[in-house]
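Results of the structural survey
Spelled out from the first residue to the last, the chains are:
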Amino acid sequence: MNIRIGFLQIHPGTDIEENLALGKKACAEAKEKGADIALFPEMWSDGYRLPQDKAELKKLAISKNSFFLEEFRALAAELQMAIGITFLEANDPKPLNSVIIFDKDGKEILHYSKVHTCAFDLEKVLSGGDDYYTAELDFGRGTVKIGSMICFDREFPESARILMIKGAELILAPNACPMEINRLSAIRTRAYENMVAVATCNYPEGHPDCNGHSTLFDGVPWNEDGVRDMCVFEASGESGVYVAELDLDSLRAHRRNDIMGDKYRRPDKYGILADVGSKNEKVNMILCGEVVEKDDADAEKVGVVSVVYVSSDELKIKEKLDELQKSNPDKFYMEYTTPFDANLTELEHYPSIEVSKEDLQ
């Protein structure tokens, strides 16, 4: 059984309306060429434009319920073809770099936001995603377990590894950077070590800092005939809609019979990979101060200060703090941040909440 993947390696327009029209035309062409799913390059809604001005960036960001995405949802159902549409997603405090997969009936089956943003460059104005997701894609003749990673995610082995552990057979990877030998080698390695297929769709030559060369690595480095090239498709640099086939039967046979992927891993030895307690990282906490009355009517009131919430995610702390303040207006809350492995009494500002004498009366 094969699945046919359409790579929409095309130039964007000057605004979201033009990108909608160009994208719909490219999807129709992919369908005519027999694609079961069409994949866009990274952040198609604005052509990977990332103004550094907050107000300008906000104008370009769209919600997942926007007209732009609803059009592609409807188009997927009309064409009876899955569509992987990418967009700059509205989010507080900063936008996300996201992809949504609509199946052939127009149902959203996967929504992923880039975890490893290029925070060293233009993407410093974005927030990162929280997790990796997989989903069953029904393409008519069968199903395949898909996941997604976006561009810079491929440089981190953990991205594809987590998707493999979650069952992904095919990773869809929107992209916006030069695909030269080293980046292509990274994708090849992710496919090899995880026994997964990786389909990468890039912008063509002429788009800033891009050169085409969208690829499909099928994840099968050898079979009964011996060693083979896993790269079963590589586009030229030119703009175009390309379609390539992935042999799912061959991939599944390799996954059953070979030694890679999850079969001989030793997670009990990888503790350092999950150790977030680095001295360079911080923990955020919410402290709560309240006045408690004893059951005995003659007893004095007491002030209690407690830690009620802890996270390494600043956004989650702010959301929780707002929730607690609204639901418990009689209590006192404050946010406090401290390094790991710290003697709190030696810090310049000790985490505390002042409870006055008047509070206890």
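The structure under discussion appears in the preceding block.
Residues numbered from 1 in each chain as written. Predicted model: local features only at pLDDT ≥ 70, side-chain atom pairs only at ≥ 80, totals over all residues. Heavy atoms only, no water.

**With respect to the environment of Y112**
- Mapping Y112 onto the fold places it in strand β5 (residues 108–113).
- Its relative accessible area of 1% is what places Y112 among the buried residues.
- Distance from Y112 to P221, taken between C-alpha atoms, is 28 Å for residues 109 residues apart in sequence.
- Apart from the residues within four sequence positions on either side, Y112 is in contact with N97, S98, V99, D131, Y132, Y133, S148, M149, I150 and D153.
- Polar side-chain contacts of Y112 include one of 2.5 Å to the side chain of D153. (Helix = DSSP H or I, 4+ residues; strand = E, 2+ residues; numbered from the N terminus. Buried < 20%, exposed > 50% of the residue type's maximum accessible area, 1.4 Å probe, protein only. Contact = heavy atoms within 4.5 Å. Polar contact = N/O pair within 3.5 Å; in protein donor to acceptor, adjacent residues only side chain to side chain.)

**Looking at the sheet that holds strand β3 (residues 82–89)**
- Reading across from one edge, β5-β4-β3-β2-β1-β14 is the order of the six strands in this open sheet, with mixed pairing throughout. Looking along the sheet, the strands with just one partner apiece sit at the ends: β5 and β14 (240–247). Neighbour-to-neighbour, the strand axes of this sheet turn through a mean angle of 25°, independent of strand direction.
- For β3 and strand β4 (residues 96–102), the ladder comprises seven bridges, and the chain directions are antiparallel. Bridging across to β4, L88 finds its partner in N97.
- Packing of helix α3 (residues 67–79) onto the sheet brings it into contact with β3, β4 and β5, and relative to β3 it is tilted by some 175°.
- The strands touched by helix α6 (residues 248–257) are β1 (2–9) and β14; relative to β14, the strand with the most contacts, the crossing angle is about 45°. (Pairing = 2+ DSSP bridges. Axes fitted to C-alpha atoms, helices over the stretch in contact; angles between N-to-C directions.)

**Some remarks on the packing of aromatic side chains**
- Summed over the entire model, instances satisfying the criterion amount to ten aromatic pairs.
- Measuring from ring centre to ring centre gives 6.3 Å for W44 and Y203, while their planes differ by 20°; the resulting arrangement is stacked. On the criterion of sequence distance, the pair formed by W44 in the loop between β2 (37–39) and α2 (54–60) and Y203 in the loop between β9 (197–201) and β10 (215–217) is long-range, its members being 159 residues apart. The burial state of W44 is the same as that of Y203; both residues are buried.
- Through a chain of ring-to-ring contacts, three or more aromatic side chains come together here, namely F40, W44, F68, F72 and Y203.
- One residue, K166, lies across the ring of Y133, its end atom 5.8 Å from the ring centre. (Phe/Tyr/Trp six-rings, centres within 6.5 Å; stacked < 30°, edge-to-face > 60°. Lys NZ or Arg CZ within 6 Å of the ring centre and 35° of its normal.)

**Examining the pattern of salt bridges**
- Applying the stated criterion across every chain yields a total of 23 salt bridges.
- Across the pair E56 and K59 runs a salt bridge whose closest N-O atoms are separated by 3.3 Å. Of this pair, E56 and K59 both sit in helix α2, separated by three residues, roughly a single helical turn.
- The shortest N-O distance in the salt bridge between K166 and D131 comes to 3.3 Å. One end of the pair, K166, is in the loop between α4 (157–165) and β8 (170–174); the other, D131, is in the loop between β5 and β6 (134–138), and 35 residues separate them in sequence.
- Counted as one network, the salt bridges with shared partners bring together E42, K114 and E123. (Salt bridge = Lys/Arg side-chain N within 4 Å of Asp/Glu carboxyl O.)

**Quick look at the nonpolar core**
- Core analysis: the largest hydrophobic core is formed by 49 residues, its most contacted members being F7 and L170.
- Not counting residues up to four positions away in its chain, the partners in contact with L170 are I5, V144, K145, I146, G147, A197, A199 and L246.
- I10, L60, A61 and L69 belong to the second-largest nonpolar core, a separate cluster that totals 36 residues. (Core = buried A, V, L, I, M, F, W, Y, C linked by side-chain atoms within 4.5 Å.)

**Some remarks on α4**
- Considered for burial, the residues of α4 that qualify are S159, A160, L163 and M164. With its buried residues spanning 125° around the axis, α4 presents them on a single face.
- For α4, the secondary structure elements touched by its buried residues are β6, β7 (143–148), β8 and α5 (181–194).
- Taken from the residues just after α4, G167 is the one with a positive phi, measuring 100°. (Arc of directions from axis to C-beta.)

**Comments concerning the packing of helix α1 (residues 16–32) against α3**
- The interhelical angle for the contact between α1 and α3, taken along N-to-C directions, is 15°, at an axis separation of 11 Å. By the angle class used here, α1 and α3 are roughly parallel. For the element pair α1 and α3, the recorded crossing hand is right-handed. Contacts between α1 and α3 involve I16, N19, L20, G23, K24, C27, A28 and K31 on the former and, on the latter, F67, F68, E71, F72, L75 and L79.
- A per-class count over the contact of α1 with α3 returns nine nonpolar, two polar and three charged. (Parallel < 35°, antiparallel > 145°, perpendicular 65-115°, else oblique. Left-handed = near helix turned anticlockwise from the far one by under 90°. Nonpolar A, V, L, I, M, F, W, Y, C, P; charged D, E, K, R; others polar.)

**Digging into the packing of α4 against α5**
- Look at α4 against α5: their axes get within 10 Å of each other, and the N-to-C directions meet at 35°. Relative to α5, the crossing made by α4 is right-handed. Seen from α4, the contacting residues are P157, A160, R161 and M164; seen from α5, they are R190, E193 and N194.

These figures capture arrangement, not role.
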